[in-house]
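A structural walkthrough
Listed below are the residues making up each chain.
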Amino acid sequence: MFYKTTDNQQLYYELIGNKNSNKYLIFLNGISQSTTAWNLMIPSFEKEYQIILCDFIFQGQSDKKGEVRDFDQHAEDIFGLINSLVINKVIVTGISYGSLVAQNFAVNYPKKVDKLILLSTFAHKTPYYNSVEQAWSRTLESGGLSLMLDVMFPMVLGEKYFEHPLIPFDLLKSGREIANKDPEPLKKLMKATKDRPDYREKLKAIKISTLVIHGEKDMLLFVHMGKEVAQAIAGSKFEIIPNVGHTLNLEAVPQVVKVIQDFLKK
């Protein structure tokens, strides 16, 4: 299904799960992911919640035309989608890029958020992160998406995943390539991250019950970056998943599901 944004872009979404439930949960993707990124987590929530999956503009099955979208614009798209579905409040869960959209959504539209769950998140960029971001951008420009994924995977997947990959790397890579056939939209998403200002001060406005989950071995966003997000949001809960990296919705599904379910029960 598609929702038409205020600037006439087509945003792809799915509404699945328990159609009789009055509880809603939305999952927001990482930068090179699509709605399929949540397939391993959905079974744990679909009996109790109505679940919204969507591709941001420039992702997956959504439109890829237009100029770079900042995170306020992404958040506005999600706000419009939720309103179009006549949903009063939703539990917002985002990973990495999606967690930044979730942050902006919670700041801009707090009355629409029941609870906030941020996976592999950050609010400011360090010199190390800037160096990685620049390396990815230059690799994408010079060698295309295939080479960028080869460079990216060791940064976003933990050591344990390489020893026992749940999804073989050739399939993981081909899935990302299918979702990002044209590198230009991915470049726009990357530029939005590059241009995003330090958001730590704005996070202090969030008064919503919040859970922040971070991988102990995240080599893209070190633990202290997620911890600073949690520290900026009063009363938030911070959980570290041992021995896993950045892509928590792939490499730490049982652990993440348990932490989320425990949080939602309280």
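The structure we're discussing is the one just above.
Below: a short report on this structure. (Residues numbered from 1 in each chain as written. Predicted model: local features only at pLDDT ≥ 70, side-chain atom pairs only at ≥ 80, totals over all residues. Heavy atoms only, no water.)

Notes on the environment of Leu 100
Examined against the element boundaries, Leu 100 turns out to sit in helix 2 (residues 97-108). What makes Leu 100 buried here is its relative accessible area of 1%. Residues Leu 100 and Glu 67, spaced 33 residues apart in sequence, show a C-alpha to C-alpha distance of 19 Å. With residues near it in sequence (within four places) discarded, Leu 100 still touches Phe 71, Thr 121, Phe 122, Thr 193 and Arg 196. (Helix = DSSP H or I, 4+ residues; strand = E, 2+ residues; numbered from the N terminus. Buried < 20%, exposed > 50% of the residue type's maximum accessible area, 1.4 Å probe, protein only. Contact = heavy atoms within 4.5 Å.)

Things to note about the nonpolar core
Counting residues in hydrophobic clusters, the biggest one holds 63 residues, and the most contacted among them are Leu 28, Ile 78, Val 92, Leu 116 and Trp 136. For this core, the element with the most residues is helix 3 (residues 127-156), which contributes 11 residues. Excluding anything up to four places from it in sequence, Trp 136 contacts Met 148, Val 151, Met 152, Met 155, Val 156, Met 190 and Leu 220. Counting residues in hydrophobic clusters, the runner-up holds 27 residues, among them Leu 119, Leu 211, Leu 248 and Val 256. (Core = buried A, V, L, I, M, F, W, Y, C linked by side-chain atoms within 4.5 Å.)

Things to note about the sheet that holds strand 7 (residues 210-215)
As a general point, the strands of a sheet are linked pairwise by backbone hydrogen bonds and lie either parallel or antiparallel. Pairing within the open sheet is mixed, and its eight strands lie in the order 1-2-4-3-5-6-7-8. Strands with a single pairing partner mark the edges of an open sheet, and in this sheet they are strand 1 (2-4) and strand 8 (237-241). Strand after strand, the sheet turns through a mean of 20° between neighbouring axes, direction not considered. Relative to strand 4 (residues 50-54), strand 3 (residues 24-28) is paired through five bridges, and the arrangement is parallel. Note that in strand 4 the partner of Tyr 24 across the bridge is Gln 50. (Pairing = 2+ DSSP bridges. Axes fitted to C-alpha atoms, helices over the stretch in contact; angles between N-to-C directions.)

Thoughts on the pattern of salt bridges
With the rule as written, the count across this model stands at 12 salt bridges. Ionic pairing is found between Lys 173 and Asp 150, a salt bridge with its closest N-O pair at 2.9 Å. Here the residue Lys 173 occupies a position in helix 5 (residues 169-179), and Asp 150 occupies one in helix 3, the gap between them amounting to 23 residues. Taking relative accessible area as the criterion, Lys 173 reaches 18% and is therefore assigned buried. (Salt bridge = Lys/Arg side-chain N within 4 Å of Asp/Glu carboxyl O.)

A closer look at the packing of aromatic side chains
A full pass over the atoms with the stated rule returns 13 aromatic pairs. Plain terms: the ring middles of Phe 56 and Tyr 97 are 5.9 Å apart, the flat faces sit at 55° to each other, and that makes the pair tilted. Here the residue Phe 56 occupies a position in the loop between strand 4 and helix 1 (71-84), and Tyr 97 occupies one in helix 2, the gap between them amounting to 41 residues. One aromatic cluster is present, formed by Phe 27, Trp 38, Phe 45 and Tyr 49 through successive ring pairs. Taking the ring centre of Tyr 49 as reference, the NZ or CZ of Lys 23 above it sits at 5.0 Å. The cationic tip of Lys 115 hangs over the ring face of Phe 263; the distance from NZ or CZ to the ring centre is 5.0 Å. (Phe/Tyr/Trp six-rings, centres within 6.5 Å; stacked < 30°, edge-to-face > 60°. Lys NZ or Arg CZ within 6 Å of the ring centre and 35° of its normal.)

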